[in-house]
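# Descriptive analysis of the structure
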Amino acid sequence: MIAMIDPSDFTPPYNQQLCNSLGVLDQKVILFGSKPNLYSPVSFRYQPHFYRISERLRTLPKPLYLSIKGFEHSYNMQTLYWNLRNLQPKVIHFQWLPLPSLDRHFIPQHKKLAPTIMTVHDTQPFNGDPSNRLQVRGWLNSLSTFDHLIVHTVYSAEQLIRAGIDSAKISIVPIGSMDVLPETFRAPDLETKVILFFGNIKPYKGLDVLLRAVSQFEPELRNSVEVYIYGRPIMDIEPMRRLAQQLGIGKQTYWNLRFIEDKEVPDIFAKANVVALPYRAIDASGVLTQALIYGRPVVASRLGGLVDFIENGSTGYLVPPENPEALSEALKSILSDPQLQLKMAQSAYQRAQNMPTWTQIGKTTLDVYQKASRY
C-alpha cells in the first residue's frame, strides 16, 4: 500500500493523476488530504484527515484561525502516524509539508514504518511569496529527513544539490499533462486575439506583469485584444482589478475567479490564441503542459524547467521575468501574425505528443520507491 499525503491539497490535479496512475499499475493507494470534493478517485482511495475543525472556522479573525489550524495540524500529523501504523504501508509519499519546521519532527516517526519520499515541486518554497514565511521556516532541514526526494526537472535537481542535498537521494520524475491529449488538433480562431492567464492566482505568477505588458500594445491591438483570467485567487485580487482599470484595459479584461472544473478546461483553452505565464519564480508548470496538449503557443518567463518545454519561435517565446516590455513584444508578435500563431499552435500540439504519459510517470515513481527502500 502507498500512503500519499498532501495535507492542504495544494496540488489536486497532480495528486489525482499520480494516484490514478499508480492504481492502474495494481498499487493500492490512499491519499490523505483535507478537501475530498476536489477529487474523482478512479483507482485510489481518498481519506479526509486534516483540518476537520479549522476548515469550519474560516470566518474567524485570520490570526486566530491560523493558530487553531496550526495546533490541529500538529495533532493531525500525530494521528496520521497512528493510522499508518495500523495500515502498514510499503511507502509514505509526501507531496507537501505545510509547516516544515514542525513537520520535520514527525518524519523520523514515519521512517520507522516505511521509506519516506518527498516530492519537491518548488525548490524555492512557495516561489518566494513573502506571506508564507512561517511555512518556509525549516524547509531545507525538513528535506534532509526523508529517505528520497523527487523533483520534476534537471534544474530542480541542480538547485537541491547546490543547497547541499546528496545527489544520490534525488530522482527526476517529469511532470505530465493534467489532461488527456486530444486525438485531433483544434486550431485557434485566427480572427480573435485572446490572451489566457490560467490557474490559481498567486503573487509569483505575475498577473500584474501581464496587465502592464498588454497596456503597452499599440492602440489598435490594445483595443482589439481580450485578456481572459481564469482561476481561483490565493491573494487579494482587488489591486489587480484596479491596475487593469488604471492601465486603460479594464474593458478588455475578463475575470472568472473561481475553481475551474476539469470538464471546462478544453473549451477555455480553445478560446485562447496564446497562453501567458509571466511567472516570477517556478520550477515546473502544469498549466504549461495543458497549453501544449491543447495546441496553444506559450509566452513564459525564462525560468526553471519552463525552458525544457518552450523553444523560441517554435512553441512560443521565453522572455526575461519581471519584464513587461519583452512580454509585450512577444505577445504582440504572435497576435499580429495569424500564420505564425497557427504554426506555433501546431508545434505546441506536436510537442505534447512527446511528453511522458501518466502510466510512464507511475512506473518511474515505482522505481523511485524501490530505490528508496534500499537505503
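Read on for a plain summary of the structure. (Residues numbered from 1 in each chain as written. Predicted model: local features only at pLDDT ≥ 70, side-chain atom pairs only at ≥ 80, totals over all residues. Heavy atoms only, no water.)

## Regarding the overall build of the protein
Put simply, the rule is: Helix and strand definitions here come from DSSP, where helices need a minimum of 4 consecutive H or I residues and strands a minimum of 2 consecutive E residues; each element is numbered from the N-terminal end. In this description the radius of gyration comes from C-alpha coordinates, and the expected globular size is given by 2.2 Å times residues to the power 0.38. Summary of the burial criterion: residues with accessible area below 20% of their type's maximum are buried, those above 50% are exposed, and those between are partly exposed, where the area comes from a 1.4 Å probe applied to protein chains only. For this analysis, residues touch if any pair of their heavy atoms sits within 4.5 Å. Only the protein chains shown count as cover for residues, with accessible areas throughout obtained via the Shrake-Rupley method and a probe of 1.4 Å. Two residue types count as positive, namely Lys and Arg, and two as negative, namely Asp and Glu; His and chain ends fall outside the count. For this purpose, a charge sits on NZ of Lys, CZ of Arg, CG of Asp or CD of Glu.
Across its full length, the protein holds 15 helices and 13 strands. Taken over C-alpha atoms, the radius of gyration comes to 21 Å for the protein, in line with the 21 Å a tight globule of 375 residues would show. Its C-alpha atoms give the protein principal-axis dimensions of roughly 65 × 45 × 40 Å. By residue count, 54% of the 375 residues in the protein fall in the buried class. For the protein, long-range pairs separated by at least 24 residues make up 69% of all intrachain contacts whose partners lie at least 6 apart in sequence. Just so you have it, the protein exposes about 16700 Å², and 51% of that area is on carbon and sulfur atoms. Within the protein, the 33 negative side-chain charges are centred at a point lying 7 Å from the centre of the 39 positive side-chain charges.

## Overview of helix 10 (residues 238-246)
Residues three or four positions apart in an α-helix share a direction because the helix packs 3.6 residues into each turn. Note the threshold: Of all possible arcs, the one meant is that of the directions from the helix axis to the C-beta atoms.
Listed in full, the buried residues belonging to helix 10 are Met 240, Leu 243 and Ala 244. The buried residues of helix 10 occupy one face: seen down the axis, they fall within an arc of 100°. In helix 10, the exposed positions angled more than 90 degrees off the buried face are occupied by Gln 245 and Gln 246. Those residues of helix 10 hidden inside the fold are in contact with helix 8 (207-215) and strand 10 (253-256).

## With respect to the packing of helix 8 against helix 10
What counts, and what does not: Structural elements are reduced to axes, namely lines fitted to C-alpha atoms, with helices fitted over the stretch in contact, and the angle between N-to-C directions of any two is expressed from 0 to 180 degrees. Angles are sorted into four bins: roughly parallel if under 35 degrees, roughly antiparallel if over 145, roughly perpendicular if 65 to 115, and oblique for all others. Here the term charged refers only to Asp, Glu, Lys and Arg, the term nonpolar to Ala, Val, Leu, Ile, Met, Phe, Trp, Tyr, Cys and Pro, and the term polar to all other amino acids, Gly among them.
Between helix 8 and helix 10, the shortest axis-to-axis distance is 10 Å and the interhelical angle comes to 10°. Taken together, the axes of helix 8 and helix 10 lie roughly parallel to each other. Of the residues in helix 10, those in contact with Leu 207, Asp 208, Leu 211 and Arg 212 of helix 8 are Met 240, Leu 243 and Ala 244. Split by residue class, the contact of helix 8 with helix 10 holds 5 nonpolar, no polar and 2 charged.

## Looking at the layout of surface pockets
This is how the line gets drawn: Grid points spaced at 1 Å over the protein atoms alone were grouped into cavities, where a 1.4 Å probe fits but cannot get out, and pockets, open sets with protein on both sides within 12 Å along at least five of seven lines, with lining residues defined by an atom within 4 Å of a point. Grid points are joined across faces, edges and corners, and a volume is the space filled by probe spheres set on the points.
The computed volume of the second largest pocket comes to approximately 230 Å³. As for the second largest pocket, its lining consists of Gln 17, Ser 177, Asp 179, Val 180, Leu 181, Ile 293, Ala 352, Gln 353, Met 355, Pro 356, Thr 357 and Trp 358.

## Comments concerning the packing of aromatic side chains
Selection rule: Classification of ring pairs uses Phe, Tyr and Trp, with its six-membered ring standing for Trp, and accepts pairs whose centres are within 6.5 Å; under 30 degrees between planes counts as stacked, over 60 as edge-to-face, and the remaining range as tilted. Whether a charge sits over a ring comes down to the Lys NZ or Arg CZ being within 6 Å of the ring centre and within 35 degrees of the ring normal.
Under the counting rule described, the total for this entry stands at 12 aromatic pairs. Centroid distance Phe 50 to Tyr 51: 5.7 Å. Interplanar angle 50°. Geometry classified as tilted. What makes Phe 50 buried here is its relative accessible area of 1%. On the basis of relative accessibility, which here comes to 2%, the residue Tyr 51 falls in the buried class. A cation over a ring is seen here: Lys 69 above Tyr 51, with NZ or CZ 4.7 Å from the ring centre.

## Let's talk about the pairing of strand 6 (residues 148-151)
Applied cut-off: Only when DSSP finds a minimum of two bridges between them are two strands counted as paired. When the strands point away from the viewer and the connection leading from the first strand across the helix to the second strand turns clockwise, the crossover is called right-handed.
Of the two faces of strand 6, the one lined by His 148 and Ile 150 and the one lined by Leu 149 and Val 151 are each fully buried. Of the strand pairs in this sheet, strand 5 (residues 116-119) and strand 6 are connected by 3 bridges, and their pairing is parallel. Bridge assignment links Thr 119 to a residue of strand 6, and that residue is Ile 150. Of the strand pairs in this sheet, strand 6 and strand 7 (residues 170-172) are connected by 3 bridges, and their pairing is parallel. Across the sheet, the residue bridging to Leu 149 is Ile 170, located in strand 7. Handedness of the crossover joining strand 6 and strand 7 through helix 7 (residues 154-162): right-handed.

## Thoughts on empty space enclosed by the protein
Tallied over the entire structure, the rule returns 2 cavities of 30 Å³ or more. Contributing to the lining of the second largest cavity are Val 209, Pro 278, Ser 301, Val 319, Pro 320, Pro 321, Glu 322, Asn 323 and Leu 327. Looking at side-chain class alone, the lining of the second largest cavity contains 6 nonpolar, 2 polar and 1 charged residues.

## Digging into the pattern of salt bridges
Formally: Think of a salt bridge as a Lys or Arg side-chain nitrogen and an Asp or Glu carboxyl oxygen that are within 4 Å of each other.
Inspection of the entire model under this criterion finds 10 salt bridges. The residue Glu 55 makes a salt bridge to Lys 69 at a minimum N-O spacing of 4.0 Å. Here Glu 55, found in the loop between strand 3 (45-48) and helix 2 (62-87), pairs with Lys 69, found in helix 2; they are 14 residues apart in sequence, far enough to count as distant. When its relative accessible area of 22% is taken as the criterion, Glu 55 is described as partly exposed.

## Structural notes on the sheet that holds strand 6
The strands that make up a sheet pair up through hydrogen bonds in the backbone, lying either parallel or antiparallel. A sheet is described by the order of its strands in space; here 7 strands give the open sequence 3-2-1-4-5-6-7, paired in parallel fashion. Unpaired on one side and paired on the other, strand 3 and strand 7 mark the two borders of the sheet. The sheet shows a mean angle of 25° between the axes of neighbouring strands, taken without regard to direction. Pairing between strand 2 (residues 29-33) and strand 3: 4 bridges, direction parallel. Each bridged residue has a counterpart across the sheet, and for Leu 31 the counterpart in strand 3 is Tyr 46. Those strands touched by helix 7 are strand 6 and strand 7, and its axis lies near 170° from that of strand 7. The strands touched by helix 15 (residues 358-373) are strand 1 (2-5), strand 4 (91-94), strand 5, strand 6 and strand 7; relative to strand 6, the strand with the most contacts, the crossing angle is about 160°.

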